[in-house]
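A look at the structure
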Amino acid sequence: TRILFHLIAADSETPVEDYQTIRKELGAYNKDLLKKDEFLFLTKSDLVEAKGLKEKINKLKKLNPKLSVMSIYDDETLIEIKKILNTIIKEKGGV
């Protein structure tokens, strides 16, 4: 495993705690996983009001600056995710 992807639903009432739980469980399983490159995706952004979404983004970016927001109903966000994935593939020589 070279890179970890975490997907957290934007409609969660506790996305920060969700992310912290993921990190805690990874560390309990294998501390080396905490050293891996990781990307955080806030999904279902279409289900949250703009103000609430912005608050969640700000909080999560403090924990992981590699945060991206996405919705399957927003082609622009999907294009951005595709760019991120293509960049990773190029940098890593294939994942």
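Residues numbered from 1 in each chain as written. Predicted model: local features only at pLDDT ≥ 70, side-chain atom pairs only at ≥ 80, totals over all residues. Heavy atoms only, no water.

1. Brief notes about the overall build of the protein
How we decide: Each helix is a run of DSSP H or I of at least 4 residues and each strand a run of E of at least 2, with the numbering of both proceeding from the N terminus. Here the globule rule reads 2.2 Å times residues to the power 0.38, and the radius of gyration is calculated from C-alpha atoms. Throughout this description, buried means an accessible area under 20% of the type-specific maximum (1.4 Å probe, protein chains only), exposed means over 50%, and partly exposed covers the range between. Surface accessibility in these figures is a Shrake-Rupley result with a 1.4 Å probe; residues are shielded only by whichever protein chains are displayed. Just so you know, the count uses Lys and Arg for positive and Asp and Glu for negative, and it drops His and the chain ends. For the purpose of locating charges, the reference atoms are NZ of Lys, CZ of Arg, CG of Asp and CD of Glu.
In terms of regular secondary structure, the protein is built from three helices and three strands. The linear arrangement of helices and strands in the protein, starting from the amino end, is β-α-β-α-β-α. In terms of overall dimensions, the protein is globule-like: its C-alpha atoms have a radius of gyration of 14 Å, near the 12 Å expected for 95 residues. In terms of its C-alpha atoms, the protein occupies a principal-axis envelope of roughly 35 × 30 × 20 Å. Burial statistics for the protein: of 95 residues in total, 35% are counted as buried. A total of about 6600 Å² of accessible surface is found on the protein, and carbon and sulfur atoms cover 53% of it. On the protein, the mean spot of the 18 positive side-chain charges and the mean spot of the 16 negative ones are 7 Å from each other.

2. Description of the packing of aromatic side chains
As a reminder, the rule being used: Stacked, tilted and edge-to-face are the three classes applied to pairs of Phe, Tyr and Trp rings, where Trp contributes its six-membered ring and a pair requires centres within 6.5 Å; stacked means planes under 30 degrees apart, edge-to-face means over 60, and tilted covers the rest. The rule for a charge over a ring is simple: NZ of Lys or CZ of Arg within 6 Å of the ring centre, and within 35 degrees of the ring normal.
For the coordinates displayed, the defined rule picks out two aromatic pairs. Both rings, one in Phe-5 and one in Phe-39, keep their centres 5.9 Å apart while their planes meet at 25 degrees; by these two values the pair is stacked. Placement of the pair is Phe-5 in strand E1 (residues 3-9) and Phe-39 in strand E2 (residues 37-43), with a sequence separation of 34 residues. Residue Phe-5 is classed as partly exposed on the basis of its relative accessible area, which comes to 34%. Among the aromatic side chains, those forming a connected cluster through ring pairs are Phe-5, Phe-39 and Phe-41. Stacked on the ring of Phe-39, the Lys or Arg Lys-66 has its end atom at 4.8 Å from the ring centre.

3. Details of the nonpolar core
Just so we agree on the cut-off: Only buried residues count toward a nonpolar core, which is a set of Ala, Val, Leu, Ile, Met, Phe, Trp, Tyr and Cys residues joined through side-chain atoms within 4.5 Å.
The biggest cluster of nonpolar side chains holds 11 residues, and these are Ile-8, Ala-10, Val-16, Tyr-19, Leu-40, Leu-42, Val-48, Leu-53, Ile-57, Leu-60 and Leu-67. When contributions to this core are tallied by element, the ones reaching two or more residues are helix H1 (15-29), E2 and helix H2 (50-63). The element that contributes the greatest number of residues to this core is H2, accounting for three residues.

4. Thoughts on a negative patch on the surface
Rules: In this scheme, patches are assembled from residues that exceed 30% relative accessible area and form no salt bridge. Like charges are connected within 9 Å, while nonpolar side chains (Val, Leu, Ile, Met, Phe, Trp, Tyr) are connected within 5 Å. Any carboxyl oxygen of Asp or Glu within 4 Å of a side-chain nitrogen of Lys or Arg constitutes a salt bridge here.
Together, Asp-11, Asp-46, Asp-74, Asp-75 and Glu-76 line one region of the surface with negative charge. Relative to the helices and strands, Asp-75 is located in helix H3 (residues 75-92). You can call Asp-75 exposed: its relative accessible area is 57%.

5. Concerning the side chain of Thr-43
Basically, it comes down to this: Contacts are residue-level and defined by heavy atoms, with any inter-residue pair within 4.5 Å sufficient.
Note on placement: Thr-43 falls in strand E2. Those residues in contact with Thr-43, other than ones at most four positions away along the chain, are Leu-7, Ile-8, Ala-9, Ala-10 and Met-70.

6. Thoughts on unusual backbone geometry
Positive phi outside glycine occurs at Lys-44, with the angle close to 60 degrees. Of note, Lys-44 is situated in the loop between E2 and H2. For Lys-44, a relative accessible area of 41% gives the class partly exposed.

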